[in-house]
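Take a look at the letters that make up each chain.
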Amino acid sequence: MEKSDEAMLPPTEKGEKSKIENLHLDPEWLNRKYSRGRGYWADNQGDDEEEPTKKIDLGTRRRRDYWSALGHLLISLILLAEIVLWIQVMHYWRYSPRNTNLFRILLPVLLPCLGLPLLAVIHSLTRGRLSFKLGLLLVVPPSPILLHLVLLYRSLARVDRDRKARIVRISGLIQACLMSFPLILVSCHTVIVSILEKNSVDAGLFHKHIYENKLQFAATTISFLNLVIAAYRYNERLTGRPVAILVGFPFLFSNILFRAIGFSLLFSLFESSWIALCLGIMFGMSAISVQLSSNYTLCGKMFRAIFGDQSENDEKKCSIFSSLLLSIGGVLLPVGYA
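All of the points below concern the structure found in this document. Please read all numbers here as calculations on a predicted model, not as lab measurements.

Describing the overall build of the protein
Summing up its helical and strand segments, the protein has 14 helices and 0 strands in all. What you see in the protein, going N to C, is helices and strands ordered as α-α-α-α-α-α-α-α-α-α-α-α-α-α. Within the protein, buried positions represent 32% of all 338 residues. Nonlocal contacts in the protein, meaning residues at least 24 apart in sequence, comprise 67% of its contacts between residues at least 6 apart. For the protein, the accessible surface area stands at approximately 23600 Å², while carbon and sulfur atoms represent 64% of it.

Points about the packing of aromatic side chains
Two numbers describe a pair of aromatic rings. These are the distance of the centres and the angle of the planes. For the structure shown, the criterion picks out 5 aromatic pairs. Summarising the aromatic geometry, the rings of Phe 181 and Phe 263 are spaced 5.7 Å apart at their centres and angled 85° between planes, so their arrangement reads as edge-to-face. Taken together, the residues span a long stretch of sequence, with Phe 181 in helix H8 (residues 162-195) and Phe 263 in helix H11 (residues 241-269) at a distance of 82 residues. For the pair Phe 181 and Phe 263, a shared accessibility class is recorded, and that class is buried. Judged by centre distance (6.3 Å) and plane angle (25°), the ring pair of Phe 263 and Phe 267 falls under stacked. With Phe 263 and Phe 267 both in helix H11 and 4 residues apart, the pair spans about one turn of that helix. Accessibility expressed as a relative area gives 5% for Phe 263, which makes it buried. An aromatic cluster is present here, built from Phe 224, Tyr 232, Phe 249 and Phe 253 joined pairwise through their rings. Just above the ring of Tyr 234 sits the side chain of Arg 237; from NZ or CZ to the centre is 4.7 Å.

Focus: the nonpolar core
Formed by 22 residues in total, the largest nonpolar core has its most connected members in Phe 181, Leu 227, Ile 256, Phe 263, Leu 332 and Leu 333. Elements with a contribution of two residues or more to this core: H8, helix H10 (214-235), H11 and helix H14 (320-332). When sequence neighbours within four positions are dropped, the list of residues in contact with Leu 333 reads Leu 173, Cys 177, Phe 181, Leu 227, Ile 256 and Arg 259.

Structural notes on the layout of surface pockets
Here the second largest pocket defines a volume of roughly 890 Å³. As for the second largest pocket, its lining consists of 24 residues, and the residues nearest its centre are Trp 67, Ser 68, Gly 71, Arg 233 and Arg 241. If you list the elements that add at least two residues to the lining of the second largest pocket, you get helix H4 (66-94), H8, H10 and H11. Here the lining of the second largest pocket gets 8 residues from one element, more than from any other, and that element is H4.

Brief notes about H11
The end-to-end C-alpha distance of H11 is 40 Å, a good match for the 42 Å that 29 residues give at a rise of 1.5 Å each. The largest bend in H11 comes to about 35°, at Gly 248, with the proline Pro 250 one to four residues further on. Of all the positions in H11, only Ala 244, Gly 248, Leu 252, Asn 255, Ile 256, Ala 260, Phe 263, Ser 264 and Leu 266 are classed as buried. In the core, the buried residues of H11 are packed alongside H8, H10, helix H12 (272-292) and H14.

A short note on empty space enclosed by the protein
Over the atoms, a rolling probe the size of a water molecule traces out where space has been left empty. Across all of its chains, the model carries 2 cavities of 30 Å³ or more by this definition. If you add up the space inside the largest cavity, you get close to 80 Å³. Around the largest cavity sit 13 residues that line it, and Ile 75, His 148, Gly 172, Asn 226 and Ala 230 are the ones nearest its centre. Counting only elements with at least two residues in the lining of the largest cavity, the list comes to H4, H8 and H10. Sorting elements by how many residues they give to the lining of the largest cavity places H8 first, with 5 residues. Within the lining of the largest cavity, the residues separate by chemical class into 7 nonpolar, 4 polar and 2 charged.

The rules behind these values
- Residues numbered from 1 in each chain as written.
- Predicted model: local features only at pLDDT ≥ 70, side-chain atom pairs only at ≥ 80, totals over all residues.
- Heavy atoms only, no water.
- Helix = DSSP H or I, 4+ residues; strand = E, 2+ residues; numbered from the N terminus.
- Buried < 20%, exposed > 50% of the residue type's maximum accessible area, 1.4 Å probe, protein only.
- Contact = heavy atoms within 4.5 Å.
- Areas by Shrake-Rupley, 256 points an atom, 1.4 Å probe, with all protein chains shown as cover.
- Phe/Tyr/Trp six-rings, centres within 6.5 Å; stacked < 30°, edge-to-face > 60°.
- Lys NZ or Arg CZ within 6 Å of the ring centre and 35° of its normal.
- Core = buried A, V, L, I, M, F, W, Y, C linked by side-chain atoms within 4.5 Å.
- 1 Å grid on protein atoms, 1.4 Å probe; cavity = no way out; pocket = protein on both sides within 12 Å on 5 of 7 lines; lining within 4 Å.
- Points joined across faces, edges and corners; volume = space filled by probe spheres on them.
- Expected span 1.5 Å × (residues − 1).
- Bend = angle between axes of the 7 residues up to and from the residue.
- Nonpolar A, V, L, I, M, F, W, Y, C, P; charged D, E, K, R; others polar.

Next up, the structure:
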């Protein structure tokens, strides 16, 4: 290879340098300092200086996401319709001779506005700083509608919304567990009591109750829809769209439907001791599943040591408070399996 390179160069006398060695490379352009708005190619292009181009921060500004904005708008409308319909049901029950206990509706309606800000403040304390900013957004009923409106604006304004999206998924799931699920149980309890009014199952009484309480049926449907959407957004956040729609959504729909029917029968037909026993068993199973699913808990380490599982994953360490909330949520809804 060296001989072929020497054959391509012109012959030179002894002591004379080749033309390539005599070529003078001016390194002046390497040491030259240029202004912030001009490049090195614009150094000798005349005295007319152009204005520096405006920089665009591509790290924080994104493309407008109209689908996400539409999703947050629909969820906000569902939350607003749910609370309005249940207030109408409570107003109708006020003059009904059968349903006199309005506290069963009033308490679940107010629970998200009280529980979500408290959980937000506790979460800020676990991070080492007391903050009420997020809690104030969660006070306004129907909570967390203000967070959805903030994400709606950020989706159209091309602003980063990843952190707020995680918060709104968790707060939506908690709202569904505190408000939607208890209201579904109250509604199903009234239906079961009306059906068994004559100590026998009468389908005619069921149709009569649905006809006389149309607002209750509409409010229950909206609450069930909110429950399914909240569980879907929390569990299927890491799943591909086709698998989430074809597998995840039917599983959540059927699972939540049967759980609502089962809890309604449990609270309507059984005594308090049996109800407490059943809830205790379900909470124990949910807590064990949460402990076994983590690599940092004692149960998880023992389980992997027994079965020889040495796989490693990028898992964040879960606090005891988060594990407790996930265990309670697992009693009502299928959460955390993803």
